[in-house]
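Below, each chain spelled out in residue letters.
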Amino acid sequence: MGKNITEEIEKLKKERNAIILAHYYQPDEIQEIADYVGDSYYLSEIARDSVENIIVFCGVKFMGESAKILSPNKTILMPSLDSGCAMADMINEGEIIEFKNKYKDAYTVCYINSSATVKAHCDVSVTSSSALDILNSIENKQILFLPDRNLGEYIAENFKEKEFILWDGCCKYHNNIKINEIYELKEKYPNSKILVHPECQKQIRDIADYIGSTAGIINYATNNDYKDYIIATEEGILYELKKKNPDKNFYIPGGSISCVDMKKTTLNNLYDTLLNMKNEVILDESVSKNALKCLENMHSLAK
Ligand code: 13P
Ligand code: SF4
């Protein structure tokens, strides 16, 4: 297939009246061919609102599941159905039920990086870009937050009047970013700005010039005149950062941070998915119905 594979994907996409969605951590060539590229929140809105009935979701499982929950009548395909998110898998249905049973009066907030089954037991979902706005609209004092303790801790720092009980999960890629790797870059590029995803540990967040989602980080670098940026998140984000800012420099702590599951999408499996209409996301109807409330609350409270 070689160099023509992108043309073949474009052709099939038109024939099938499908759209391709890709997260900022996807490989460059996948972001290049996608109709919409964005952070988790943006992609969830596109999945909900698109008029096309076939969505090829290039991302990880919780993203494909969220698209299906929001648009149960659309066909959601994923080029790599086995792309999970290790953090989302850090809490299962039995554990969320037990967690809630311990704190019966608490409001349950899950990061969108969680399974559909877990979402079905939660009151509202949040993303990195929407979490603070959503928490602002919640009156309950006691909040259960899962599965990311780092994002939960970051939110809690912003709502001191509330009591947060955090699940002990994390993203191994963000959690492993070392402060020394950032200091080394800062020493080399003293005028650089440090842009940090909230999945990073507190000591990294504490030295950040900006904390936000992938889209937030891209907007910050694009809307400021500084030349050098230290980017504390997954390296797929560099594609959009460099596209929008060809004259600026971006440095990843430690040289490389690559989420294995995000990189499972290839032009070949994207082509194969569209050609054979395979790898459909299928959800249990009652799980999907219960999880819908959680995502609908996210969209309405984020405004
Ligand atoms: P964003 O919502 O910032 O795109 O983050 C998604 C994610 O998986 C971060 O690891
Ligand atoms: Fe999950 Fe971390 Fe990969 Fe994001 S970077 S999808 S949180 S494993």
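Anything mentioned here points back to the structure above.
Residues numbered from 1 in each chain as written. Chains lettered and ligands numbered in written order. Predicted model: local features only at pLDDT ≥ 70, side-chain atom pairs only at ≥ 80, totals over all residues. Heavy atoms only, no water.

1. Regarding the side chain of Lys193
Line of reasoning, step 1. Take Lys193: it is sitting in strand E9 (residues 193–196).
Line of reasoning, step 2. Buried charged residue Lys193 carries no salt bridge. Nearest counter-charge: Asp209, at 4.1 Å.
Line of reasoning, step 3. Leaving out residues up to four positions away in the same chain, Lys193 has contacts with Asp209, Tyr220, Tyr226, Asp228, Tyr229 and Ile230. (Helix = DSSP H or I, 4+ residues; strand = E, 2+ residues; numbered from the N terminus. Buried < 20%, exposed > 50% of the residue type's maximum accessible area, 1.4 Å probe, protein only. Lys, Arg positive; Asp, Glu negative; His and termini not counted. Salt bridge = Lys/Arg side-chain N within 4 Å of Asp/Glu carboxyl O. Contact = heavy atoms within 4.5 Å.)

2. Overview of the environment of Ala88
Line of reasoning, step 1. Assignment of secondary structure puts Ala88 in the loop between strand E4 (75–77) and helix H5 (93–102).
Line of reasoning, step 2. On a C-alpha basis, the gap between Ala88 and Ile112 in space is 8.4 Å, while along the polypeptide they are 24 residues apart.
Line of reasoning, step 3. Leave out the neighbours within four places in its chain, and Ala88 touches Asn113, Ser114, Ser115 and Pro147.

3. Details of the sheet that holds strand E6 (residues 124–126)
Line of reasoning, step 1. Pairing in this open sheet of four strands is parallel, and the strands run E6-E5-E7-E8 from one edge to the other. A single partner strand is all that each edge strand has here, and the edge strands are E6 and strand E8 (163–166). The average angle at which neighbouring strand axes cross in this sheet is 30°, direction not considered.
Line of reasoning, step 2. The sheet contact formed by strand E7 (residues 142–146) and E8 spans four bridges and is parallel. (Pairing = 2+ DSSP bridges. Axes fitted to C-alpha atoms, helices over the stretch in contact; angles between N-to-C directions.)

4. Considerations on the packing of aromatic side chains
Line of reasoning, step 1. Going through the model one piece at a time under the given rule, you end up with five aromatic pairs.
Line of reasoning, step 2. Seen from their ring centres, Phe99 and Tyr103 are 6.0 Å apart, and the 85° between their planes marks the pair as edge-to-face.
Line of reasoning, step 3. By relative accessible area, Tyr103 is classed as partly exposed at 27%.
Line of reasoning, step 4. Site record: aromatic cluster; members linked through ring pairs are Phe99, Tyr103 and Trp167.
Line of reasoning, step 5. For the cation-ring pair, Lys193 lies above Tyr226, with the distance from its terminal atom to the ring centre recorded as 4.6 Å. (Phe/Tyr/Trp six-rings, centres within 6.5 Å; stacked < 30°, edge-to-face > 60°. Lys NZ or Arg CZ within 6 Å of the ring centre and 35° of its normal.)

5. A word on the sheet that holds strand E2 (residues 36–38)
Line of reasoning, step 1. With parallel pairing, the four strands of this open sheet are ordered in space as E2-E1-E3-E4. A single partner strand is all that each edge strand has here, and the edge strands are E2 and E4. For this sheet, the mean inter-axis angle between neighbouring strands, taken without regard to orientation, is 20°.
Line of reasoning, step 2. Judged from the three bridges that link them, strand E3 (residues 54–58) and E4 form a sheet pairing that is parallel. When the sheet's bridge partners are listed, Ile55 is paired in E4 with Ile76.

6. A short note on the environment of Asn245
Line of reasoning, step 1. Summarising the element assignment, Asn245 is placed in the loop between helix H13 (238–244) and strand E12 (249–251).
Line of reasoning, step 2. Along the chain, Asn245 and Pro79 lie 166 residues apart, while their C-alpha atoms are 29 Å from each other.
Line of reasoning, step 3. Setting aside residues up to four positions removed in sequence, Asn245 forms contacts with Ala221, Thr222 and Phe250.
Line of reasoning, step 4. Side chain to side chain, Asn245 and Thr222 meet in a polar contact 3.1 Å long. (Polar contact = N/O pair within 3.5 Å; in protein donor to acceptor, adjacent residues only side chain to side chain.)

7. Let's talk about the packing of helix H1 (residues 5–16) against helix H14 (residues 267–276)
Line of reasoning, step 1. Packing of H1 against H14 brings their axes to within 10 Å, and their N-to-C directions diverge by 30°. With respect to H14, the element H1 is oriented roughly parallel. Crossing geometry of H1 relative to H14 is assigned as left-handed. Each of Ile5, Thr6, Glu8, Ile9, Leu12, Lys13 and Arg16 in H1 lies in contact with H14, whose residues at this interface are Leu267, Asn268, Leu270, Tyr271, Leu274 and Leu275.
Line of reasoning, step 2. Each residue belonging to the contact of H1 with H14 can be placed in one class, and the counts come to eight nonpolar, two polar and three charged. (Parallel < 35°, antiparallel > 145°, perpendicular 65-115°, else oblique. Left-handed = near helix turned anticlockwise from the far one by under 90°. Nonpolar A, V, L, I, M, F, W, Y, C, P; charged D, E, K, R; others polar.)

Note that every value here comes from positions in space, so none of it alone points to a role or purpose.
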